[in-house]
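A structural walkthrough
The lines below spell out each chain.
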Amino acid sequence: MHMLIYALVEASTSDEALAAGTSAFDRLVGVTPDADAVFDYYVTFAETDVTGAGEGRWGERPAAASVESDAGEDLLEAGWAATIEAFEQNLAAVREGLDELDDEAIMRDEDLVRHACHNLGAYRGPSVVLYDEYEQGIRDRERLHRILDGAESCWIVPANVHY
């Protein structure tokens, strides 16, 4: 499966932002020895010659954009909307499963209710769309605002990931 994720990084230029975003994405795919991979691979939008991923799959996007620019605002809005959608889907599945299933059915992961519980509590991986530059998931608006308000110059870097 493919999805878009976004890294929010502090940088002075687009090139610095892309480098910081790439570093976060590297850790999310386990490139560094101390990282646990949660995605198989990623493609940034600086890689325009890739077919089936990145621009070839999702269309043209900036490789990095200041969150204060129109393009950056659009990327951030898309990332936050996807965050809310993933949360609401998993929360609904958990609530429905807990209401309708007995303990044994939940233990067997009937209707994937345990999987939805896992996704709801995940800090990294396919149910998390926004990340900081240290590859930590941004799962609530308060944390998002702390990152945006705490950065002198915040950039957003999109990537296509496979899981």
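For the structure itself, consult the block above.
Reference entry: report on the structure contained in this document. The model shown is predicted, which means the values in this text are computed figures rather than measured ones.

**A look at the overall build of the chain**
Counting its secondary structure elements, the chain contains 6 helices and 5 strands. Here the C-alpha radius of gyration of the chain, 17 Å, is about what a compact globule of 163 residues would show, namely 15 Å. When the backbone C-alpha atoms are referred to their principal axes, the chain occupies close to 55 × 35 × 30 Å. Across the 163 residues that make up the chain, the buried fraction comes to 43%. In the chain, once contacts between residues fewer than 6 apart in sequence are set aside, the share between residues at least 24 apart is 64%. Of the roughly 9,000 Å² of accessible surface on the chain, a fraction of 48% belongs to carbon and sulfur atoms. Side chains of the chain give 11 positive and 34 negative charges; the mean places of these two sets differ by 5 Å.

**Points about helix α6 (residues 141–150)**
Buried residues of α6: R143, L144 and I147, and no others. Each buried residue of α6 sits inside an arc of 105° when the element is viewed along its axis, so together they form one side. Residues of α6 that are exposed and point over 90 degrees away from its buried face: E142 and D149. Looking at the buried residues of α6, the elements they touch are β1 (2–10), α3 (70–100) and β4 (130–132).

**Thoughts on the packing of α3 against α6**
The geometry of α3 relative to α6 is characterised by a closest axis approach of 12 Å and an angle of 155° between their N-to-C directions. Between α3 and α6, the crossing angle belongs to the class labelled roughly antiparallel. Handedness of the α3/α6 crossing: right-handed. Contacts between α3 and α6 involve L76, W80 and I84 on the former and, on the latter, R141, L144 and L148. Across the contact of α3 with α6, the residue classes break down as 5 nonpolar, no polar and 1 charged.

**Comments concerning the nonpolar core**
In terms of nonpolar packing, the biggest core is built from 38 residues, with I5, L8, F25, F39 and I156 touching the most fellow members. When residues of this core are traced back to their parent elements, those giving at least two are β1, α1 (14–28), α3, β4, α6 and β5 (154–162). The element best represented in this core is β1, accounting for 7 residues. Beyond its immediate stretch of four places on either side in the chain, F39 contacts M3, I5, L28, V29, G125, P126, Y131, V161, H162 and Y163.

Conventions and cut-offs
- Residues numbered from 1 in each chain as written.
- Predicted model: local features only at pLDDT ≥ 70, side-chain atom pairs only at ≥ 80, totals over all residues.
- Heavy atoms only, no water.
- Helix = DSSP H or I, 4+ residues; strand = E, 2+ residues; numbered from the N terminus.
- Rg over C-alpha atoms; globule rule 2.2 N^0.38 Å.
- Buried < 20%, exposed > 50% of the residue type's maximum accessible area, 1.4 Å probe, protein only.
- Contact = heavy atoms within 4.5 Å.
- Areas by Shrake-Rupley, 256 points an atom, 1.4 Å probe, with all protein chains shown as cover.
- Lys, Arg positive; Asp, Glu negative; His and termini not counted.
- Charge placed at Lys NZ, Arg CZ, Asp CG, Glu CD.
- Arc of directions from axis to C-beta.
- Axes fitted to C-alpha atoms, helices over the stretch in contact; angles between N-to-C directions.
- Parallel < 35°, antiparallel > 145°, perpendicular 65-115°, else oblique.
- Left-handed = near helix turned anticlockwise from the far one by under 90°.
- Nonpolar A, V, L, I, M, F, W, Y, C, P; charged D, E, K, R; others polar.
- Core = buried A, V, L, I, M, F, W, Y, C linked by side-chain atoms within 4.5 Å.

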